[in-house]
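# Architecture and fold: a report
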Amino acid sequence: MTFDEFVRAEMSTLARFSGALTGDRYLAEDVLSDALVKVARRWRRISALDDPAAYVRRVLVTTYLDDRRKAQRRRTAPTDEIAILERSADAVRDTADVVADRAEVARLLAALPPQQKAAVVLRYLMDESDEQIADALGCSAGTVRSHLSRARATLRLVAADGEGVTA
Amino acid sequence: MNLDQLLDSLAEHDPNPYHVMTKVERKRRAARNRLYVASGGLAVVAAAIAAIVLLPSINFGGPTTSSSSAAGAAEPNSGRVAAPGAVSEPASGTGSSGSAASCAAVPLRQAITAAVQAGDSVIVGYGTQTGASAPGNPAQGGAPLYYAVTLGSVRTLAGPAVASGSTAWVPGAASAAAPSGTGSAGTASTPEGEALWAPDGELFAIVSPAGAGAPRSPVLRSAPVINGNVIFSSYGCWDVTGLPFTPYGGSSARVFGPAHPNGSQNRPLATLGEPLYAVPLAAVEAVASGH
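None of the values given here were measured: they were computed from a predicted structure.

Time to look at the confidence of the model for chain A. Confidence along chain A averages 81 in pLDDT terms, with 77% of residues attaining 70 or more. Averaged pLDDT values over the elements of chain A bottom out at 54 in helix H6 (residues 95-99) of chain A and peak at 92 in helix H2 (residues 25-41) of chain A.

Take the interface of chain A and chain B next. The interface of chain A with chain B comprises 34 residues on the first partner and 21 residues on the second. Secondary-structure elements contributing two or more residues to the side of chain A that touches chain B are helix H1 (3-22), H2, helix H7 (102-111) and helix H8 (114-125) of chain A. It is H2 of chain A that provides the largest number of residues to the side of chain A that touches chain B, a total of nine residues. Partitioned by chemical class, the residues of the side of chain A that touches chain B number 21 nonpolar, six polar and seven charged.

Let's shift gears to the packing of helix H9 (residues 130-137) of chain A against helix H10 (residues 141-155) of chain A. Residue and element names in this part refer to chain A. Across the interface, H9 lies against H10 with an axial gap of 8 Å and an inter-helix angle of 95°. When the interaxial angle is binned, H9 and H10 end up roughly perpendicular. Contacts from Asp130, Glu131, Ile133, Ala134 and Leu137 of H9 reach H10 at Ala141, Thr143, Val144 and Arg145. Residue classes in the contact of H9 with H10 are distributed as five nonpolar, one polar and three charged.

Residues and elements named next belong to chain A. What H9 keeps buried is the set Ile133, Ala134, Ala136 and Leu137. Down the axis of H9, the smallest arc covering the buried residues is 165°, so these residues share one side. Looking one or two residues beyond H9, the residue adopting positive phi is Gly138, at roughly 70°.

Criteria and thresholds
- Residues numbered from 1 in each chain as written.
- Chains lettered and ligands numbered in written order.
- Predicted model: local features only at pLDDT ≥ 70, side-chain atom pairs only at ≥ 80, totals over all residues.
- pLDDT = per-residue confidence, 0-100.
- Helix = DSSP H or I, 4+ residues; strand = E, 2+ residues; numbered from the N terminus.
- Contact = placed C-beta atoms within 7 Å.
- Nonpolar A, V, L, I, M, F, W, Y, C, P; charged D, E, K, R; others polar.
- Axes fitted to C-alpha atoms, helices over the stretch in contact; angles between N-to-C directions.
- Parallel < 35°, antiparallel > 145°, perpendicular 65-115°, else oblique.
- Buried ≥ 20, exposed ≤ 12 C-beta atoms within 10 Å, placed from the backbone.
- Arc of directions from axis to C-beta.

And the structure:
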């Protein structure tokens, strides 16, 4: 399979994945195009892998995390602390009323640290296992579980499989 | 928040695939351009390094080294410098010209040393052609081998003193290259047996007082002096390796040529195809005076 054939077959999935990761379609275009440029340079080797799509998703996650790391250095307000403050404030309100608002969902997602958000997207959008997520993020499966737990707490996510927690 | 809300929110920001591919192509093109620029820069750097490395060994018409084959092609007397006594050998009937083997690559400094050790003199002065010539070898058509010159204003730089007013012999158009008996046979391709001559006759010379078997003596191995520079070329089998020099050319190059009894017969240098090098007379005198 050539690079162009791969891109044509996987573009919709990669675009959805990239949009979910970034939460911004323009940033998603940048991150995905950067990742695909990297992939194109190494396509001969990547195409020989068992699951080139999984590898490309990994490249996409790495590119996204690199981008967020650079953006983080340019920001003055740490998002983690904002999330904590938001969570404390929200605790006194009715959780169901807050999350019903779509904008609030987006706000909570945006408040997630990049690693946690990547873990959430890979788990709930791409349906990947802890091990696959760990491979994509370059961390252990235990760390992935920790990321997911913290993310669910921030999102006050009640998952269909019952693993969700509420703050 | 439930899972559906989460998935709905995650799916809200899908990028336009067409825009993504446009950006991919643009970035790949930019990367290729950067690669070309980098390659071009590397090529320039490599060329500069090669030039720096090779330039010292390339002699643009100048004999700064004698070890490089590239330089050898441009050196005036590369492989053609006659031993000081070689000019006295024409008595054998072959002359000192025509054979590259008669010229060994001996720089001027060593040539002067060898000449002085052999009892020769090194002079600067003026030579006036008398019109007399030594007969050539009849077997070679009778072409003259030597032309008589009266020396004047002589300064002896090294070796036994040479008096002004004395007569010396200059190797002329040897007959070595004239087996067909065409007479004056010195050619641009075999000029070793000939001598260049300045318009006013000023010269630098190694004087061999008694060439063994030579029909006449002493014999001059000379180079013309023009405007304070000694003009060296294959004529006389000179090698100026290690001396400061500048390529010599221009209109002056046409005013002297192979020494003949009659100056009007001198050939213009433009037809000879031999590179000429001007070395300051002071530098040559310094080399000669060191002995």
